[in-house]
Amino acid sequence: MLKILSGDQVKELDRIHIQNAGISSHELMERAALSFISWWKSMEFPKNLPVFVFCGAGNNGGDGFAIARLLFKEGWEVQVFRCFEEGSVLSADAQKNLDWVPEGVLIYDWKEFNSSREGLLIDSFLGVGLKSPIRNSAVPIIECMNSFPGTKISIDLPSGLLADSPTFGPRVKADFTVTFAFPKLALLFPENSSFSGKMVLADIGISESEYASFPTSYFFLQEKDILSRHRVFGQFAHKGDFGKVALVAGSKGKMGAAILCSKAALRTGSGLVTAFVPEDERGIIQSAVPEVMCEFDENTDWNKFDALGVGPAIGLDKKDLLQDILKACSKPIVLDADAITLIASNQDLISLIPKNSILTPHLGELERLIGKSTDHLDRLMKVKEFCMKWQLNLLIKGAYSVLSLVDGRQLFNSSGTQYMATAGAGDVLTGMLTSFLGQGYAPENALICGVYHHGKAGELAGQQNRRSTIASDISENIGKTYTLLNVL
Ligand SMILES: NC(=O)C1=CN([C@@H]2O[C@H](COP(=O)(O)OP(=O)(O)OC[C@H]3O[C@@H](n4cnc5c(N)ncnc54)[C@H](O)[C@@H]3O)[C@@H](O)[C@H]2O)[C@@H](O)CC1
Ligand SMILES: [K+]
């Protein structure tokens, strides 16, 4: 799994890679520029537009000079805008790439930029070298780039954004950020989304094994990490192997939650799904999902199920039921929605939650559980502490949902789309997670597979329906994600 290193670790990684690969730092910069060019070509930007490359004096600027040269070679009209005084000392690789800028590329001072011209802007002013809020002298350069209404593409990081701590000063508002080797932490923070735009990961040939020894608790979860987390079921598997799960969900007027999570559990592969719903409401679920069985007696043996998902729309009057379930259960369970709100207001219940269970609060529920956070980094730290203290897994939902594990690791999920921000999407996820637990997946793997496939199913649903996507569409696409990822 791809590690997310801090800005400070990048230099050390650079050094190790250069040594291992037997290349110069300048060659590594060239690879970064070439990787950018291959993304650029895939974008098919209109070729009649000129390209304005803003370059700083450090290696981020060096990337920009190299990109300017390569784009010019590809036939683009390119202009470079210097973000430093003439005669300034540049980093060695930036200087070399500045020297290599061909004559056909005109170099101007940034103050000469006319932001009303049509074109494409590349922001190569500041990258991970920025360690503190930007100097006053740099503010107008960022404002100048932001005054340009056309497409802006930041190299590695939007200039002004700190790689892994909260940023308060001005920063470039990019449409795309093409970042090298691994995502920089700040690109994954919701509060920075309007600055980083769409993040593109550009491979520069550094293999994950080269930084296996680098300490970090942050990881980036990608498609290649998923298949090995799945269990394989052979030809002789029967419905018992696929698990017997129960979902405690729904209440009068909110039976949709029970329908959505039970259906998702079936679509994820559960052999037998039982819904615990109010008896008066059973007709709704039984006609909507005939494959689901219903039970009504809450004095049941909860351990007869392979996995349990509790909470979607059960109502806030179910504290006693929740307490009974937590006391009775010996295996990890999935807790969502009202179950989390109940736990948040009755914190003595936390110690009763079976170790390794999975909690999936939305941001409001999370805040009730662990208190307010000043920003996403603060939220990550609080959640990590909570998970380690109580030995629980917790999902922070949103773009790049964070899977916070019992051992302190935090994985940022790469699948998903904004079109999943719709009622009931969380209920679908609860069904999926419960299903994987019931299929005998270790909680960590159930969480990883559940969240990744949920995001992928959402992407497929979003491609078909865009903003008209509803939670049922996500559920209906779960099967396609198995085909896509070649899960048998
Ligand atoms: N190993 C890697 O990941 C690679 C990194 N490369 C590039 O190298 C960049 C890092 O380069 P550097 O370490 O030279 O750093 P940067 O180029 O990001 O920043 C250094 C520049 O920032 C200025 N600066 C520092 N603090 C400032 C402040 N508070 N206000 C205003 N200006 C300030 C410095 O004067 C200097 O000009 C990466 O972001 C990436 O673009 C690439 O060349 C490829 C390889
Ligand atoms: K930049």
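Cut-offs and rules
- Residues numbered from 1 in each chain as written.
- Chains lettered and ligands numbered in written order.
- Predicted model: local features only at pLDDT ≥ 70, side-chain atom pairs only at ≥ 80, totals over all residues.
- Helix = DSSP H or I, 4+ residues; strand = E, 2+ residues; numbered from the N terminus.
- Rg over C-alpha atoms; globule rule 2.2 N^0.38 Å.
- Buried ≥ 20, exposed ≤ 12 C-beta atoms within 10 Å, placed from the backbone.
- Contact = placed C-beta atoms within 7 Å.
- Pairing = 2+ DSSP bridges.
- Domains from an automatic or database assignment.
- Nonpolar A, V, L, I, M, F, W, Y, C, P; charged D, E, K, R; others polar.
- Near = placed C-beta within 6 Å.
- pLDDT = per-residue confidence, 0-100.
- Core = buried A, V, L, I, M, F, W, Y, C linked by C-beta atoms within 7 Å.
- Arc of directions from axis to C-beta.
- UniProt positions renumbered as here; feature names shortened; annotations may be inferred.
- Right-handed = clockwise from strand over helix to strand, strands pointing away.
- Axes fitted to C-alpha atoms, helices over the stretch in contact; angles between N-to-C directions.
- Parallel < 35°, antiparallel > 145°, perpendicular 65-115°, else oblique.
- Left-handed = near helix turned anticlockwise from the far one by under 90°.

Novice: Can you help me understand the overall build of the protein chain in this one?
Specialist: The number of helices and strands found in the protein chain is 16 helices and 18 strands. Relative to the compact-globule value of 23 Å for 488 residues, the protein chain shows a C-alpha radius of gyration of 25 Å, a close match. Referenced to the eigenvectors of the C-alpha coordinate spread, the extents of the protein chain come out at roughly 80 × 45 × 40 Å. Expressed as a percentage of the 488 residues in the protein chain, the buried residues total 49%. Across the protein chain, contacts joining residues at least 24 apart in sequence account for 72% of those joining residues at least 6 apart.

Novice: Before we go on, may I ask you to explain the sheet that holds strand β15 (residues 358-360) in this structure?
Specialist: In a beta sheet, neighbouring strands pair by backbone hydrogen bonds and run either parallel or antiparallel. Pairing is mixed across the open sheet formed by 11 strands, whose spatial order is β1-β9-β18-β17-β16-β15-β14-β13-β10-β11-β12. Both edges of this open sheet fall to β1 (2-3) and β12 (293-295), since each of them pairs with a single strand only.

Novice: Explanation requested: the domain arrangement of the protein chain in the structure shown.
Specialist: Where interface size is quoted, it is often the accessible area lost as the parts come together. Each domain of the protein chain was delimited in the assignment, giving domain 1 (2-214) and domain 2 (227-484). Relative placement of domain 1 and domain 2: their C-alpha centres are 40 Å apart. Listed by partner, the interface residues are 7 residues for domain 1 and 7 residues for domain 2. Its residues placed into classes, the side of domain 1 that touches domain 2 shows 4 nonpolar, 2 polar and 1 charged.

Novice: Sorry if this is basic, but what is going on with the site of ligand 1 here?
Specialist: Taken together, 29 residues form the shell around ligand 1, and within it G58, N59, N60, G127 and G129 come nearest. Broken down by secondary-structure element, the contributors of at least two residues to the shell around ligand 1 are α1 (7-21), α2 (25-43) and α3 (59-73). Split into classes, the residues belonging to the shell around ligand 1 amount to 15 nonpolar, 10 polar and 4 charged.

Novice: Is there a simple way to think about the confidence of the model for the protein chain in this case?
Specialist: Close inspection of predicted coordinates is inappropriate for parts of the model with low pLDDT. Per-residue pLDDT for the protein chain averages 96, and the proportion of residues at 70 or more is 100%. Across the interface, the model reports ipTM at 0.98; the global pTM reads 0.96.

Novice: Before we go on, may I ask you to explain the nonpolar core in this structure?
Specialist: Grouped together as the largest cluster of nonpolar side chains are 146 residues, with contacts concentrated most on V53, F54, L247, A249 and A258. Structurally, this core is a two-domain feature, drawing no fewer than three residues from each of domain 1 (2-214) and domain 2 (227-484). Beyond its immediate stretch of four places on either side in the chain, F54 contacts G64, F81, C83, W110, L121, I122, D123, S124, F125 and M145.

Novice: Explain helix α9 (residues 319-328) here, please?
Specialist: The α-helix winds at 3.6 residues per turn, so residues separated by three or four positions along the chain end up facing the same way. Among the residues making up α9, those that are buried are L322, I325 and L326. Each buried residue of α9 lies within a common arc of 95 degrees when the element is viewed along its axis, so the set occupies one face. Counted as exposed and oriented over 90 degrees from the buried face of α9: D320 and K327. Among the structural elements, β13 (307-310) and α10 (338-345) are those in contact with the buried residues of α9.

Novice: Would you take a moment to explain the UniProt feature "domain: YjeF N-terminal" (unreviewed entry) in the protein chain for this structure?
Specialist: Using the residue numbers shown here, the UniProt feature "domain: YjeF N-terminal" (unreviewed entry) corresponds to residues 10-212. Taken end to end, residues 10-212 has its terminal C-alpha atoms 13 Å apart, with 33% of it in helix and 17% in strand.

Novice: Explain the pairing of strand β10 (residues 244-248) here, please?
Specialist: Where burial is concerned, most of β10 is hidden: 4 out of the 5 residues are buried. Pairing analysis gives 5 bridges linking β10 to strand β11 (residues 272-276), with the strands arranged parallel. Note on β11: the bridge partner recorded for V245 is V273. Handedness of the crossover joining β10 and β11 through helix α7 (residues 255-268): right-handed.

Novice: Looking at this structure, I do not really get the UniProt feature "binding site: K(+)" (unreviewed entry) in the protein chain. What am I missing?
Specialist: Residues annotated in UniProt with the feature "binding site: K(+)" (unreviewed entry) correspond here to N60, D123 and S159. These annotated residues cover 100 residues of sequence, but their C-alpha atoms sit close together, with the largest distance between any two at 9.4 Å. Following the sequence through the fold, N60 ends up in helix α3. N60 gets classed as buried once you count the C-beta atoms within 10 Å, which come to 27. Discounting chain neighbours no more than four positions away, the residues touching N60 are S124, F125, L126, G127, G129, I155 and D156. Along the polypeptide, S159 turns up in the loop between β6 (151-155) and β7 (176-180). Assessed through the 28 C-beta atoms surrounding it within 10 Å, S159 is described here as buried. Among residues more than four places away in sequence, those in contact with S159 are D123, F125, L126, I142, S154, R171 and V172.

Novice: Looking at this model, I keep getting lost on the packing of α2 against α3. Mind explaining?
Specialist: In a packed pair of helices, the relevant descriptors are the angle between the two axes and the axis-to-axis distance. At a closest axis distance of 9 Å, the pairing of α2 and α3 adopts a crossing angle of 55 degrees. Considering the angle they form, α2 stands oblique to α3. Note on packing geometry: the crossing formed by α2 with α3 is right-handed. Facing α2, whose interface residues are M29, E30, A32, A33, L34, F36 and I37, α3 presents N59, G62, D63, A66, I67 and L70. Looking at the contact of α2 with α3 residue by residue, the classes come out as 9 nonpolar, 2 polar and 2 charged.

Novice: What exactly am I supposed to notice about the environment of G311 here?
Specialist: In this structure, G311 sits in the loop between β13 and α9. For G311 and I340, which are 29 residues apart along the polypeptide, the C-alpha to C-alpha distance reads 7.3 Å. Beyond its immediate sequence surroundings of up to four residues, G311 is in contact with A249, L335, D336, A337, D338, A339 and I340.

Novice: For this particular structure, what's the right way to read the pairing of strand β4 (residues 106-109)?
Specialist: Residues in a regular strand project their side chains so that they alternate between the two faces of the sheet. Inspection of the sheet shows strand β3 (residues 78-82) paired to β4 by 4 bridges, in the parallel sense. Residue pairing for β4: F81 is matched across the bridge by Y108.

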